[in-house]
Amino acid sequence: MQKKLFSILLGAVLSISCTNISAIAEEAAKTQSKIFINGEQADINGYNVKDNNYFKLRDLGKLLNFGVEWDEMTNSIYIDTSKGYTENDTSEWTAKQYSVTVPQKYKVPFSYSKTGYFETGLTPGYGSAVTFKGYNANGEMEFYAISDRGPNADAPRYKSGENISDAKIFSCPDFTPSIAVITLKGNEAVVTSTIELKDMKGKNITGLPLKPGLVGATNEVALDMSLNNIGYDNNGLDTEGIAVDKNGDFWVCDEYGPFIAKFAPDGTQLAKYAPASGLDEVLKYRIPNRGFEGITITPSGKILASMQSVLDINSETAKTACFTRIIELDPETGKTKTYAYPVDVSAYNSPKDCKIGDIYAIDDTTVLVIEQGALADKTMSNIIYKVDLTSATDITDIKYGDKYLEYAKSAKELDINFAKKEKMIDLRAIGWTAEKAEGLCMTDENTIAVINDNDFGITTKVTDKDNDTAITNYIYDSNSKAYTLNGKRADPTITIDKNAESAQLWLFKKNM
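About the cut-offs
Residues numbered from 1 in each chain as written. Predicted model: local features only at pLDDT ≥ 70, side-chain atom pairs only at ≥ 80, totals over all residues. Heavy atoms only, no water. Core = buried A, V, L, I, M, F, W, Y, C linked by side-chain atoms within 4.5 Å. Buried < 20%, exposed > 50% of the residue type's maximum accessible area, 1.4 Å probe, protein only. Helix = DSSP H or I, 4+ residues; strand = E, 2+ residues; numbered from the N terminus. Polar contact = N/O pair within 3.5 Å; in protein donor to acceptor, adjacent residues only side chain to side chain. Contact = heavy atoms within 4.5 Å. Salt bridge = Lys/Arg side-chain N within 4 Å of Asp/Glu carboxyl O. pLDDT = per-residue confidence, 0-100.

Q: What is the right way to read the nonpolar core from this model?
A: The nonpolar side chains of a soluble globular protein tend to be buried with one another. Phe-143, Ile-384, Ile-425, Ile-448, Val-450, Leu-505 and Phe-508 are the most contacted members of the largest nonpolar core, which totals 37 residues. Counting residues in hydrophobic clusters, the runner-up holds 26 residues, among them Ala-153, Ile-471, Ala-490 and Ile-494.

Q: Any chance you could explain the side chain of Asn-382 here in plain terms?
A: Within the element layout of this structure, Asn-382 appears in strand β30 (residues 380-388). One polar contact links the side chain of Asn-382 to the main-chain carbonyl oxygen of Glu-435, over a distance of 3.0 Å. For Asn-382, the residues in contact, after removing those within four places along its chain, are Glu-371, Gln-372, Ile-425, Asp-426, Leu-427, Arg-428, Trp-432, Ala-434, Glu-435, Lys-436 and Ala-437.

Q: Help me understand unusual backbone geometry in this model?
A: With glycine set apart, most residues show a phi of negative sign, and most peptide bonds adopt trans. The peptide bond linking Gly-257 to Pro-258 adopts the cis configuration, its omega dihedral lying at 5°. The residue Phe-118 is not glycine, and still its phi comes out positive at about 45°. With respect to the helices and strands, the residue Phe-118 is situated in the loop between β9 (93-101) and β10 (129-135). In the Ramachandran plot, Asn-314 falls in the positive-phi region, its phi being about 55° despite a non-glycine side chain. Residue placement: Asn-314 occurs in the loop between β25 (303-307) and β26 (323-329).

Q: I would appreciate a short explanation of the pattern of salt bridges in the present structure.
A: Side chains that differ in sign of charge can pair as their charged atoms come close. Taken as a whole and assessed by the stated rule, the structure comprises 15 salt bridges. We note a salt bridge from Arg-149 to Asp-238, for which the minimum N-O separation is 3.6 Å. Here Arg-149, found in the loop between β11 (141-146) and β12 (152-154), pairs with Asp-238, found in the loop between β18 (221-223) and β19 (239-244); they are 89 residues apart in sequence, far enough to count as distant. Arg-149 gets classed as buried once you look at its relative accessible area, which sits at 6%. For Glu-281, the salt bridge is made with Lys-284, and the minimal N-O distance between the two is 3.3 Å. Residue classification places Glu-281 among the partly exposed positions, given a relative accessible area of 42%. On the basis of relative accessible area, Lys-284 is assigned to the partly exposed category, the value being 38%. It is possible to trace a salt-bridge network through shared partners that takes in Arg-149, Glu-220 and Asp-238.

Q: I'm lost on the confidence of the model for the protein chain in this one. Help?
A: Detailed conclusions should not be drawn from predicted coordinates in areas where pLDDT is low. Per-residue confidence for the protein chain averages 91 on the pLDDT scale, and 91% of its residues sit at or above 70. Counting contacts from residues 1-25, a segment whose pLDDT is below 50, to residues more than four positions away or on other chains yields 26 contacts.

Written as structure tokens, this is what we have:
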């Protein structure tokens with residue numbers, strides 16, 4: 001390994017007088033010199049001081065592709081030519097983890113609670129999205145965070161007559177998707193208040209799926225803990241994103257529809273946008289339960305919502321599409337635009353394995369995006385990208401021949417400008433271990449907040465002395481109350497158990 005060490009002598013730095021610093025600053029000017037690498041002009045900012053050109057070391061590392069690392073313990077900079085440059089060098093960011101805690105009064109009542117088994121109820125998960133609220137009177141940071149559709153777990157496929165459908169166990173079917181205020185206190189992120197979401201008539205919304213045939217239906221069957229069909233909620237929402245506008249109203253996105261909904265500060269729904277009803281009809285082709293995953297508001301008031309995955313048009317494009325969609329909605333005019341966020345198809349076994357976790361607007365044309373998923377090499381990836389929409393084409397009315405653009409198998413086949421993305425932070429390189437980073441915002445220009453979704457801390461537990469397989473491989477017959485596996489009778493015991501993942505909120509502060 002070729003590694004050179006540059007030690008910073010802090011004493012020498014601190015001994016420079018303010019007068020000298022001012023003199024140097026006055027002499028520094030942006031260099032007019034052109035820099036060429038292998039005969040091509042390089043895009044790099046330099047500064048001329050007393051006829052000498054100076055460049056930022058990280059800019060050089062990025063341009064020449066060598067590693068640049070900062071060791072805070074020894075106040076040292078390392079240049080490592082044995083590896084390429086990464087924008088997310090851990091030296092650039094300091095991470096702090098907070099455990100999300102939920103007081104008893106906000107726990108979800110669970111009818112199966114007993115001593116030693118969820119005896120205080122279920123702990124709600126508010127990790128589907130997060131946005132910065134501000135500082136309270138005590139100077140503590142506060143965030144708005146949102147739950148998803150509620151505690152649910154994998155279930156066997158459900159047979160009713162001759163129909164067999166995918167299913168989910170809703171352990172608390174009356175749960176209302178809610179917004180929480182989370183306050184940072186010491187090393188904890190404490191839920192200090194909640195707001196339940198209500199429809200336009202003031203009735204609490206549930207997270208149950210919509211009836212088959214409706215826009216937003218997933219064709220799932222909702223089951224209770226005894227595997228009884230508990231029906232549908234045609235106003236149901238699976239909330240996955242949150243933003244707050246200048247009037248204090250909440251904008252929430254959902255992955256059923258996909259839908260965008262506006263709520264008053266008390267949680268009452270004010271407006272709702274759906275495919276072919278305020279949004280582009282093509283969005284109805286989302287992969288089930290992979291609708292909108294993130295939402296944000298630009299400084300000019302535009303709403304941006306990101307699809308979780310590529311569209312699966314007529315069940316034909318999930319494995320070939322090379323982009324997912326970011327939607328722009330102008331709430332004043334109702335007009336929409338659509339931008340293509342590129343998917344690195346080679347990094348995943350299938351394009352549908354690339355999942356967007358959330359989106360946050362830095363300015364009108366620059367956003368942060370969490371991209372995550374299981375890579376082709378079976379490792380988990382959670383990366384924050386900085387995305388430039390400045391030159392991205394509005395693809396709303398553009399087709400690939402007579403088909404939607406998702407039918408193109410590579411970007412080269414499309415005559416459009418994709419959004420430009422640049423890796424900013426590899427969360428796992430800085431200690432992140434959770435599977436799903438689903439909430440993203442900034443508290444100031446140098447601090448990023450990320451929250452995880454731990455699925456209310458529950459999972460399905462299957463006990464079957466004769467088989468070792470996933471619960472979704474079984475079929476449950478609602479008439480005979482019997483299970484089958486691969487056409488043969490089976491006798492599993494199905495319960496809800498705790499999963500091992502804790503709820504966490506992280507702050508990543510850029511080192512200056």
